[in-house]
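# Structural features, examined
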Amino acid sequence: MIKLDLKDAKLNEDLSLWQEKVSKAHRDLHEKTGVGNDFVGWVKWPLDYDKSEFERILQLKKRMEGKYDTVLVCGIGGSYLGARAAIEMIKGLYPDDGIEVIFVGNTFSHTYISQVLEHIRNKEVVLNVISKSGTTTETSVSFRIFKHFMEEKYGAEAKDRIYATTDKARGTLKELADKEGYEQFVIPDDIGGRYSVFTAVGLLPLALANVDIEALMKGSADAYRELNTDSLEENPAYRYAVARRILDKQGYTAEYFVTYHLQLTMIAEWWKQLFGESEGKDGKGILPTSACFTTDLHSLGQFIQEGKKTEFETILYIDEMEKDLVFPEDRDDLDHMNYLAGKKLSWVSQMAFEGTLSAHSEDGGNPNIVIHLKDNSAYSFGYMIYFFFLACGMTCYLLDINPFNQPGVEVYKKKMFKLLGKPE
């Protein structure tokens, strides 16, 4: 399902030299003996997920069919990035099934929130609020506003259109959901937000968006089985993790996550949170950034080709995208483009990928890692996210840091709360 190509990675070490460290980290992840082991529930989740809750999600989707055309997903960070990445990768930017998914709770932007309110005024709306504690400020601000909107629009029926994904036993959102009578879904105690897309955090909005969540979970389960080995020869996720560590030692301090389709840009945003929050600690880590080629070749391309050599590229290349078209012939050929007539645009994109890889690697001297994914299906998404979860856990353990906390995120919150005058 995933093929890892390291021939242009320019590694100055043999990966096999890392086997002993990889084997130990593999045991730490799977046997829950490593740092942060309270949050490794994601490792076996593809097999051990809550089947009854999964069925409730499917039943809710069936029960609500035909009753809504707009889904509001209210959450920030791991509470929305995975679902948005999945929807755009699988369904594209302009899905044709009539279901619009709008993400709120991820910003204080008053203009954005106002525009969303205007946009949905005449829509049939359901709202999924996602927060472990219920005290995340960005999400709480938006939820109060959109809760009021729902109550004004639907009256007593609003509680049947609002779904809360939160802690199973405690927290502000849990208390509010109990009081209001919202149907509730659980954020597992042992899975952190950025590892949660295949829990109810992602599965509920994905189901409401008409994504095949059964195929997604099958993809993640197959990834668990196929990647459940400490062998570097057999495990591409661990080879990717080790390659990152070697390049880090070689002085490459930034990693461009590169895609070739606009509908994959949110995969990059999800990946940046996964690796940024997991790895950026104790003065360590590789800066995660991203680019969408060929679009960004007309802005960042010059720097990548000839600028300071502080970054490497990791390319997610999907071999079989769902849609394609043939470039037309023009009788007059005034734009001199008939040399492409009859060619599929997928072939043009492939040639752009191959040419750029050659330019950046051979001429520019930049290390390039290529991750080939078969297609953009729900199954492939499920497989891919587990691949990156495993690679992220491994690469952080190899760096001797906790992949599952984010103490630095709390610093801005304390400063902001003080300025806002929040009571102690």
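All of these numbers come straight from a predicted model, not from anything done at the bench.

Conventions we followed
- Residues numbered from 1 in each chain as written.
- Predicted model: local features only at pLDDT ≥ 70, side-chain atom pairs only at ≥ 80, totals over all residues.
- Heavy atoms only, no water.
- Core = buried A, V, L, I, M, F, W, Y, C linked by side-chain atoms within 4.5 Å.
- Buried < 20%, exposed > 50% of the residue type's maximum accessible area, 1.4 Å probe, protein only.
- Helix = DSSP H or I, 4+ residues; strand = E, 2+ residues; numbered from the N terminus.
- Contact = heavy atoms within 4.5 Å.
- Salt bridge = Lys/Arg side-chain N within 4 Å of Asp/Glu carboxyl O.
- Polar contact = N/O pair within 3.5 Å; in protein donor to acceptor, adjacent residues only side chain to side chain.

In terms of nonpolar packing, the biggest core is built from 101 residues, with Trp42, Phe381 and Phe388 touching the most fellow members. Counting residues per element, this core draws most heavily on helix 14 (residues 378-398), which supplies 16 residues. Residues within four places of Phe381 in sequence aside, it is in contact with Gly82, Ala85, Ala86, Met89, Ile90, Val197, Leu216 and Ile267. By size, the runner-up hydrophobic cluster in this structure holds 22 residues, among which are Cys74, Ile113, Val129 and Phe143.

This part is about the pattern of salt bridges. Evaluated as defined, the whole model comprises 29 salt bridges. Lys91 serves as the salt-bridge partner of Asp97, at 2.7 Å between the closest nitrogen and oxygen. Under the relative-accessibility criterion, Lys91 is labelled buried at 17%. With a shortest N-O distance of 3.3 Å, Asp178 and Lys174 are connected by a salt bridge. You can see Asp178 and its partner Lys174 sitting in helix 7 (residues 172-180), 4 residues apart, about one turn around the helix. Classification of Lys174 by relative accessible area gives buried; the value is 15%.

For Asn366, the position within the fold is in the loop between helix 13 (345-363) and strand 10 (368-375). Side-chain polar atoms of Asn366 contact the side chain of Lys309, separated by 3.4 Å. Apart from the residues within four sequence positions on either side, Asn366 is in contact with Asp8, Lys10, Ile304, Gln305, Lys309, Glu311, Glu313, His360 and Ser361.

Worth remembering: the numbers are spatial, not functional.
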